[in-house]
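Residue strings, one per chain:
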Amino acid sequence: MHPDHTEPAHPPPPPSHGGRRLRNIVVTLALGAAMFAAGAVMLAPDQTSGARPSGQGQSAGAPPRGSIKALQARVTRLPKDPGGWAALGMAYVQQARTTADPATYDRAEKALRTSLTVQAEDNTDAEIGMGALAAARHDFPAALRWARKATASGPYSSSAHGVLADAYTQLGRYDEADEAVQKMTDLRPDAASLARASYTFELKGDTDRARALMRRSLAAAATPADTSFAHNVLASLDLQDADPRAALARTQIGLGAAPGDSALLETRARAHMAMGDTTKALADYRAAIAIAPLPHYLLGLGELEQSMGHRGQAEEQYTLLRAQDRIREAAGDPADTDAILFEADHGNPRRAVTLAEQTLRTRPFVAVHDAYARALHRAGRNAEALAQADKALALGTRSALFHYHRAAIHQALGDPGAARRDLTHALREPGFHPLHADAARDLLQRIDPTS
């Protein structure tokens with residue numbers, strides 16, 4: 001890859017179909033530690049055709065151009081406009097990701113399929129939207145099929161190549177993902193493509209390169225969503241590098257511009273936790289959950305409460321997680337890594353193994369291999385667990401949690417030397433987890449009392 005390109009390798013031809021193609025829809029995958037740790041995929045339509053910054057050229061009291069209300073009005077006025085339906089569908093996808101309301105995905109699918117009914121062929125925007133929707137639902141084989149359609153109908157669409165990269169990444173096809181990111185960056189080196197390029201290096205453990213690219217993504221940010229996302233990823237990288245003060249400062253900057261950003265609140269909670277300020281960490285977790293009760297927020301708060309001896313408060317979060325999992329199971333959706341890890345550590349490890357095996361069939365991503373390793377270890381199947389833990393770390397990913405999980409497996413298999421190496425890696429981030437960081441220190445002390 002060569003993501004340092006600052007200009008496209010060659011200019012794309014003029015878009016076909018006149019103004020009907022929404023060339024300025026940008027599909028952004030949340031590529032930072034939130035997605036990495038939780039497996040969450042967040043896609044955002046940053047602008048729609050004709051959109052302007054709020055307050056510029058709009059009537060007083062009118063909804064912002066590109067808002068769901070404005071897009072609903074647009075398709076009511078122009079029911080045969082495929083681009084309007086595609087933009088509305090993508091707006092619903094983003095709303096579902098930021099509110100944790102899965103019912104909104106149904107509205108997204110209805111809008112996107114309406115767009116495809118109006119224009120069945122060469123409808124790149126709707127195909128991008130369907131790929132984004134499938135990824136948000138964690139149906140990555142379907143996301144790949146739609147992304148391939150989008151890149152075929154819109155070979156010069158950077159967003160189409162971005163959705164292709166997202167699908168390949170979650171399917172564990174990392175070399176192909178790198179190629180798709182490179183193509184996206186060549187076509188349009190904007191905030192979205194630079195963010196994806198950053199993540200390819202984060203996955204490989206090159207946080208310096210990842211940080212440099214994410215700073216470029218921040219500099220290229222054209223919307224508040226781009227800006228807050230970049231601040232959040234940079235803060236998460238600071239936490240990986242055991243610099244919670246820098247992470248706290250970064251989240252403060254981001255929240256100054258976007259005070260209701262739940263991802264920034266959750267990252268600030270982790271920064272406070274790493275600095276030992278549990279009161280502020282609890283407050284930020286609760287504020288994030290009030291905005292969007294995402295599973296990794298609930299699990300983070302529950303485990304922080306548990307680490308403080310607040311069993312009743314922890315159980316409140318765990319009860320919500322179980323309720324969410326019942327809804328997921330009833331819908332027939334695959335389990336996310338949070339559900340697998342929660343079941344492994346706080347529920348039935350054998351069920352966690354089953355959940356992980358089901359998810360791994362359609363999502364052989366590093367985070368799923370790690371969750372499967374943890375489930376197998378907790379179920380007492382350590383030889384199989386080690387093979388999965390090795391796959392989770394095969395790219396060189398710098399994850400303290402992954403290394404701790406593998407350390408526990410090595411110790412169970414009677415290899416304290418290997419356990420010690422992984423514990424040393426994990427504890428380079430001393431506050432990596434409210435429960436496991438202390439467990440890692442205790443285990444290292446038992447292995448090497450002089451450490």
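Procedures and definitions
- Residues numbered from 1 in each chain as written.
- Predicted model: local features only at pLDDT ≥ 70, side-chain atom pairs only at ≥ 80, totals over all residues.
- Heavy atoms only, no water.
- Helix = DSSP H or I, 4+ residues; strand = E, 2+ residues; numbered from the N terminus.
- Buried < 20%, exposed > 50% of the residue type's maximum accessible area, 1.4 Å probe, protein only.
- Contact = heavy atoms within 4.5 Å.
- Areas by Shrake-Rupley, 256 points an atom, 1.4 Å probe, with all protein chains shown as cover.
- Core = buried A, V, L, I, M, F, W, Y, C linked by side-chain atoms within 4.5 Å.
- pLDDT = per-residue confidence, 0-100.
- Expected span 1.5 Å × (residues − 1).
- Salt bridge = Lys/Arg side-chain N within 4 Å of Asp/Glu carboxyl O.
- Phe/Tyr/Trp six-rings, centres within 6.5 Å; stacked < 30°, edge-to-face > 60°.
- Axes fitted to C-alpha atoms, helices over the stretch in contact; angles between N-to-C directions.
- Parallel < 35°, antiparallel > 145°, perpendicular 65-115°, else oblique.
- Left-handed = near helix turned anticlockwise from the far one by under 90°.
- Polar contact = N/O pair within 3.5 Å; in protein donor to acceptor, adjacent residues only side chain to side chain.
- Nonpolar A, V, L, I, M, F, W, Y, C, P; charged D, E, K, R; others polar.

1. Topic: the overall build of the chain
- Within the chain, the regular secondary structure consists of 23 helices and two strands.
- Within the chain, the proportion of its 451 residues that are buried is 56%.
- Excluding contacts between residues fewer than 6 apart, the proportion of contacts in the chain whose partners are at least 24 apart in sequence is 58%.
- For the chain, the computed accessible surface area is about 18400 Å², with 52% contributed by carbon and sulfur atoms.

2. Section: the nonpolar core
- Counting 31 residues, the largest nonpolar core has Leu144, Leu164 and Met214 as the members making the most contacts within it.
- When contributions to this core are tallied by element, the ones reaching two or more residues are helix H5 (124-136), helix H6 (140-153), helix H7 (158-170), helix H8 (174-187), helix H9 (191-203), helix H10 (207-220) and helix H11 (224-240).
- Setting aside chain neighbours within four positions, we find Met214 in contact with Ala195, Ser198, Phe229, Ala230, Val233 and Leu234.
- Counting residues in each nonpolar core, the second largest holds 29 residues, with Tyr174, Ala367, Leu386 and Leu393 among its members.

3. Observations regarding the confidence of the model for the chain
- Residues of the chain with pLDDT of at least 70 account for 85%, and the chain-wide mean is 87.
- Low pLDDT (under 50) marks residues 1-63, which in the prediction has 175 contacts with non-local residues, meaning those over four places away or in another chain.

4. Concerning the environment of Ile327
- Relative to the helices and strands, Ile327 resides in helix H16 (residues 311-331).
- By relative accessible area, Ile327 is classed as exposed at 56%.
- Counting along the chain gives 225 residues from Ile327 to Pro102, while the straight-line C-alpha distance between them is 9.8 Å.

5. Some remarks on H9
- Compared with the 18 Å implied by 1.5 Å per residue over 13 residues, the 18 Å span of H9 between its first and last C-alpha is a close match.
- The element H9 is extensively covered by neighbouring structure, given that 13 of its 13 residues are classed as buried.
- Of the residues flanking the end of H9, it is Gly205, one or two places downstream, whose phi is positive at about 85°.

6. Considerations on the pattern of salt bridges
- Tallying each qualifying case throughout the model produces 29 salt bridges.
- We note a salt bridge from Glu305 to Arg286, for which the minimum N-O separation is 2.8 Å. Of the two residues, Glu305 sits in helix H15 (residues 295-307) while Arg286 sits in helix H14 (residues 278-291), which places them 19 residues apart along the sequence.
- Its relative accessible area of 2% is what places Glu305 among the buried residues.
- Judged by its relative accessible area of 43%, Arg286 falls in the partly exposed class.
- With a closest N to O distance of 2.8 Å, Glu384 and Arg381 form a salt bridge.
- Here Glu384 falls in the partly exposed class, since its relative accessible area comes to 38%.

7. Comments concerning the packing of aromatic side chains
- Evaluated as defined, the whole model comprises two aromatic pairs.
- Look at Tyr318 and Phe342: their rings are 5.3 Å apart centre to centre, the planes differ by 50°, and that puts the pair in the tilted class. Of this pair, Tyr318 sits in helix H16 while Phe342 sits in helix H17 (residues 337-346), placing them 24 residues apart in sequence. In terms of burial, Tyr318 and Phe342 fall into one category: buried.
- Here Tyr404 and Phe432 contribute two aromatic rings whose centre-to-centre distance is 6.2 Å and whose plane-to-plane angle is 45°, an arrangement assigned as tilted. One end of the pair, Tyr404, is in helix H21 (residues 400-412); the other, Phe432, is in the loop between helix H22 (416-426) and helix H23 (436-447), and 28 residues separate them in sequence.
- Of the residues examined, Tyr404 reaches a relative accessible area of 8% and is grouped as buried.
- Look at Phe432 and you get buried, because its relative accessible area is 12%.

8. Observations concerning the packing of helix H13 (residues 262-274) against H15
- Axis separation between H13 and H15 bottoms out at 11 Å; the angle between their running directions is 25°. Here H15 runs roughly parallel to H13, going by the angle between their axes. Where H13 crosses over H15, the two elements pack in a sense that is left-handed. Counted together, Ser262, Ala263, Glu266 and Met273 of H13 and His296, Tyr297 and Leu304 of H15 form the full contact between these two elements.

9. Examining H7
- Counted at 1.5 Å a residue, the expected span for H7 with its 13 residues is 18 Å, and the 19 Å between its end C-alpha atoms agrees.
- Phi turns positive one or two residues past the end of H7, at Gly172, with a value near 75°.

10. With respect to the side chain of His403
- Looking at the secondary structure, you find His403 in helix H21.
- You can call His403 buried: its relative accessible area is 11%.
- Side chain to side chain, His403 and Asp422 meet in a polar contact 2.6 Å long.

11. A short note on unusual backbone geometry
- We note that Asp122 has phi near 55°; this positive angle belongs to a residue other than glycine.
- Looking at the element boundaries, Asp122 is found in the loop between helix H4 (103-118) and H5.
- Even without being a glycine, Ala242 presents a positive backbone phi close to 60°.
- Among the structural elements, Ala242 can be located in the loop between H11 and helix H12 (244-257).
- Residue Ala242 is classed as partly exposed on the basis of its relative accessible area of 35%.

12. A closer look at the packing of H21 against H22
- The N-to-C vectors of H21 and H22 enclose an angle of 165°; their axes lie 8 Å apart at closest approach. Looking at the two axes, H21 sits roughly antiparallel to H22. Handedness of the crossing formed by H21 with H22: left-handed. Side by side, H21 and H22 meet where Ala400, His403, Tyr404, Arg406, Ala407, His410 and Gln411 of the first sit next to Pro416, Ala418, Ala419, Asp422, Leu423, His425 and Ala426 of the second.
- Of the residues belonging to the contact of H21 with H22, the class tally is eight nonpolar, four polar and two charged.

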